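Here is what each chain is made of, one letter per residue.
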Amino acid sequence: MKKICAVAMSAVLLLGALSFAGCDGNADEMKSLQEQINTQTELLQMLEGKLTEQTEQLEKLKEEVADGQTENENLLDELNALEKDRENLLNDLAELEVSAGKSKGIICTLQEAYENGELTRDDLMHISYYCTGEVYEHELGESAPRGPIYDTEAQKKHKVKFTPSKELTELDRYIEKDIKVAFAISEKVSDFKGLPLLKFFLITDYSGEFSGNYIFKISGYGDGFADVYFEYYVGGVCFSGSGGWMLSVFSYEE
């Protein structure tokens, strides 16, 4: 089996060799920066092609295992090795995208997405249900205070009988990668504490996709938030948070 990961490592080493040394003045610096971006863009395209190739090969092997179409005793080891290679390659691609500033989408708050018309109140109820298994509304409806509100016992809210009309599906690993890349770029995170980028960031409370909007919470490895519970309202629907964690929304740029 080809070790595609070696290609990715070569790409990363090549990028590491690039620098701004020898640039005199803003014009030279801009020229050097553009050259680096062009090189990174070419490498990104190469890695994306290798990822597609690996994915197709992996799915074919999985089908052969499931259907009993092969008697290859080493197939499981090969399958596991290919999975590991793919994850390494996906992480290399993510780190290249962050280095090049190549985010495929944007991240905003739940409130911003709702105010911009990207989410409906029915979407908000689904999101609340997927987070806690329950839905609460403020008696003031959309006039409810946004929060964060720490005195939760004093809130004038009531439980809503709600049955979700769509199933919560698992977050695709490629979309997860794009979310983490967008977050790293938007928050200007460059120190991953020696960890692969995709392992440094943790996505929790994934609450589904609604018209191209993906709902989640995200933090970096070792981020310490005070264990303080609070509530906040979006469109009159109640959500809960702890410390600095609130729901975010990712969408791809058109």
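Residues numbered from 1 in each chain as written. Predicted model: local features only at pLDDT ≥ 70, side-chain atom pairs only at ≥ 80, totals over all residues. Heavy atoms only, no water.

A. Fine view of the overall build of the protein chain. Along the backbone of the protein chain there are seven helices and nine strands. The burial tally for the protein chain puts 39% of its 254 residues in the buried class. Within the structure as shown, the protein chain displays about 14500 Å² of accessible surface, and the carbon and sulfur contribution to it stands at 49%. (Helix = DSSP H or I, 4+ residues; strand = E, 2+ residues; numbered from the N terminus. Buried < 20%, exposed > 50% of the residue type's maximum accessible area, 1.4 Å probe, protein only. Areas by Shrake-Rupley, 256 points an atom, 1.4 Å probe, with all protein chains shown as cover.)

B. Structural detail: the pairing of strand 6 (residues 213-220). Burial analysis of strand 6 places eight of its eight residues in the buried class, which makes it a mostly covered element. What you see with strand 6 is no split at all: Asn213, Ile215, Lys217 and Ser219 on one side and Tyr214, Phe216, Ile218 and Gly220 on the other are buried throughout. Taken together, the four bridges between strand 4 (residues 201-204) and strand 6 define a ladder with antiparallel strand orientation. Looking across to strand 6, one finds that Ile203 is bridged to Ile218. Here strand 5 (residues 209-210) pairs with strand 6 via two bridges, running antiparallel. Bridge pairing in strand 6 links Glu209 to Tyr214. Taking the residues between adjacent antiparallel strands as the criterion, strand 5 and strand 6 are bridged by two residues, where Ser211 takes a positive phi near 50 degrees. Sheet topology places strand 6 next to strand 9 (residues 248-252); four bridges connect them, and they run antiparallel. (Pairing = 2+ DSSP bridges.)

C. Structural detail: helix 6 (residues 173-186). Along its 14 residues, helix 6 runs 20 Å from first to last C-alpha, staying within 8% of the 20 Å computed at 1.5 Å per residue. For helix 6, the N-terminal cap is Asp172; the gap from its side-chain oxygen to the backbone nitrogen of Tyr174 is 2.8 Å. (Expected span 1.5 Å × (residues − 1). Polar contact = N/O pair within 3.5 Å; in protein donor to acceptor, adjacent residues only side chain to side chain.)

D. Region of the structure containing the nonpolar core. Leu171, Ile179, Leu197, Phe201, Tyr214, Phe216 and Ile218 are the most contacted members of the largest nonpolar core, which totals 29 residues. For this core, the secondary structure elements donating two or more residues are helix 2 (25-67), helix 3 (75-100), helix 6, helix 7 (197-200), strand 4 and strand 6. The residues contacting Phe201, other than those within four sequence positions of it, are Lys180, Phe183, Ala184, Val189, Phe192, Ile218, Ser219 and Gly220. In terms of nonpolar packing, the next biggest core, distinct from the first, is built from 21 residues, Leu124, Phe230, Phe239 and Val249 among them. (Core = buried A, V, L, I, M, F, W, Y, C linked by side-chain atoms within 4.5 Å. Contact = heavy atoms within 4.5 Å.)

E. Up close: the confidence of the model for the protein chain. The predicted model of the protein chain averages 79 in pLDDT, with 78% of residues at 70 or higher. The least confident element of the protein chain is helix 1 (residues 5-17), whose mean pLDDT is 43; the most confident is strand 9, at 97. (pLDDT = per-residue confidence, 0-100.)

F. Local environment of the side chain of Asp123. The residue Asp123 is located in helix 5 (residues 121-132) in this model. Buried within the structure, Asp123 lacks any salt-bridge partner; Lys166 is the closest side chain of opposite charge, at an N-O distance of 6.3 Å. Polar side-chain contacts of Asp123 include one of 3.0 Å to the backbone nitrogen of Thr120. When sequence neighbours within four positions are dropped, the list of residues in contact with Asp123 reads Glu118 and Phe210. (Lys, Arg positive; Asp, Glu negative; His and termini not counted. Salt bridge = Lys/Arg side-chain N within 4 Å of Asp/Glu carboxyl O.)

G. Region of the structure containing the packing of aromatic side chains. Inspection of the entire model under this criterion finds eleven aromatic pairs. Measuring from centroid to centroid gives 4.9 Å for Phe200 and Phe201, while their planes differ by 85 degrees, and the two rings are edge-to-face. The exposure class assigned to Phe200 is buried, which follows from its relative accessible area of 5%. Through successive ring pairs, a cluster of aromatic residues spans Phe183, Phe192, Phe200 and Phe201. Against the face of Tyr136 rests Lys157, its NZ or CZ located 4.9 Å from the ring centre. (Phe/Tyr/Trp six-rings, centres within 6.5 Å; stacked < 30°, edge-to-face > 60°. Lys NZ or Arg CZ within 6 Å of the ring centre and 35° of its normal.)

H. Here's a closer look at the pattern of salt bridges. Using the criterion set out here, one finds ten salt bridges in the structure. Where Arg121 meets Glu142, a salt bridge forms, and the shortest distance between an N and an O atom there is 4.0 Å. Within this pair, whereas Arg121 is found in helix 5, its partner Glu142 is found in the loop between strand 2 (136-138) and strand 3 (157-159), the two being separated by 21 residues in sequence. By relative accessible area, which is 27% here, Arg121 ends up partly exposed. Owing to a relative accessible area of 52%, Glu142 belongs among the exposed residues under this scheme. Residues Lys157 and Glu231 are paired through a salt bridge, measuring 2.5 Å at the closest nitrogen-oxygen approach. Taken together, the positions of Lys157 in strand 3 and Glu231 in strand 7 (residues 229-234) put the pair 74 residues apart, joining distant regions of the chain.

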